[in-house]
Each structure stands twice: as C-alpha cells, then as structure tokens.
Amino acid sequence: MEESDSGQDERERIANQRDRVADERDDIADQREAATDARDKQLDDKEKRLANLEQMLDERARALREAVPDVVRRQQEAIDRSRDVLQRAEQRLVRAEASLQRSRAAVQRDDAEIQREVAMSSDREPEGGGTTEVRSASET
C-alpha cells in the first residue's frame, strides 16, 4: 500500500506542479494581455493626437487657401492704384514739358525781338558813337 500511497502522492505532486505551471502560464498571459492593452491604449492616444494634428493642419491649410485670393486681390488693387498714380504723373510731366517748350519759345521770341531792336538802334546811331552791347537771356 505504501507503494500505492507513494504513487498517489507522486501523482498529486505532479498534478500540483502542473497546476502551478498552468497558473504561471495564466499569470504570464495576463501580464502579456495587460502590456498589450497598455500599448494599445498608448497607440490609441497617439492616433487621436495625430488625428487632431491632421485636422488642425487641414484647417490651417484651408484658411491659407482662402486667404491667398484675398491677398492677391489686395495686391492687384495696389498695383492698379500705382498705375493710376503713374498715369497722372506722366500726364503732369507731359503738361510740364509742353509748358517748358512754350516758355523756351517765348524766350526765343523775346531774344529775337531784342536782337531786332539792338540791330535797329545800332543802325540809327552815328558811326563814331559808343555801342551798347546787349546780351540775350539765352546767352547769359
């Protein structure tokens, strides 16, 4: 009977050992599952942050795309205003050049008149008298 008791004890010991090994496997599986759950949670959190960042970047890009036509419109308006200013300045320049030409023509007429008067007065003076030299405004 001792042999059967020792065989029974041996079987119980082996069964207990199997139970311990099974419990250790369960513990390891639970630890792995807990680690996987923690990693999954971290990955889910990262994925949410990335989705939020992507949405924020999409909104910024949309805002920039909407702003570009407005910037282009304002720049075109500024260019148009500059062209208007340039055209008015060119018109003033043309008028000033025309006025300058009229003034030069008037000065030339005055010089010619003075030259004629000088020529007439020198024809009237006696030959021995002193002549007065008159310079035209264009010569000075």
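The model shown is predicted, which means the values in this text are computed figures rather than measured ones.

A. Highlighting the overall build of the protein. Within the protein, the secondary structure is distributed over one helix and zero strands. For the protein, with 140 residues in total, the buried portion stands at 2%. Of the accessible surface of the protein, which amounts to about 12,900 Å², a share of 50% is contributed by carbon and sulfur atoms.

B. Highlighting a negative patch on the surface. A contiguous patch of negative charge, built from Asp19, Asp23, Glu24, Asp26, Asp27, Asp30, Glu33, Asp37, Asp40, Asp44 and Glu47, is present on the exposed surface. One can find Asp40 in helix H1 (residues 2–124). A relative accessible area of 37% means that Asp40 is categorised as partly exposed.

C. Spotlight on the pattern of salt bridges. Considering all chains together, one arrives at seven salt bridges under this definition. In this structure, Asp70 engages Arg74 in a salt bridge whose closest nitrogen and oxygen atoms are separated by 2.6 Å. Here Asp70 pairs with Arg74, and both are found in helix H1, just four residues apart, close to one helical turn. For Glu77, the salt bridge identified is with Arg73, shortest N-O distance 2.9 Å.

Definitions and limits used
Residue positions are given per chain, counting from 1 as you read along its sequence in written order. Local features in this predicted model are restricted to residues of pLDDT 70 or higher, and side-chain atom pairs are both shown and tallied only at a pLDDT of 80 or more, whereas totals for entire chains, interfaces and linings draw on every residue. The side-chain figures draw on all heavy atoms in the structure; neither hydrogens nor water molecules are used. To qualify as a helix, a DSSP run of H or I must reach at least 4 residues; to qualify as a strand, a run of E must reach at least 2; elements of each kind are numbered from the N terminus. For every residue, the accessible area obtained with a 1.4 Å probe (protein chains only) is divided by the maximum for its type, and the residue is called buried under 20%, exposed over 50%, and partly exposed between those limits. Shrake-Rupley sampling with a 1.4 Å probe provides the accessible areas, and residues are treated as covered by the protein chains on show and by no other component. Patch members must show over 30% relative accessible area and no salt bridge, and they are joined within 9 Å when carrying like charges or within 5 Å when they are nonpolar side chains of Val, Leu, Ile, Met, Phe, Trp or Tyr. Salt bridges are counted wherever a side-chain nitrogen of Lys or Arg sits within 4 Å of a carboxyl oxygen of Asp or Glu. The sign given to each residue is positive for Lys and Arg and negative for Asp and Glu; His and the chain ends receive no count. Every charge is mapped to an atom, namely NZ of Lys, CZ of Arg, CG of Asp or CD of Glu.

That's the geometry; what it means functionally is another story.
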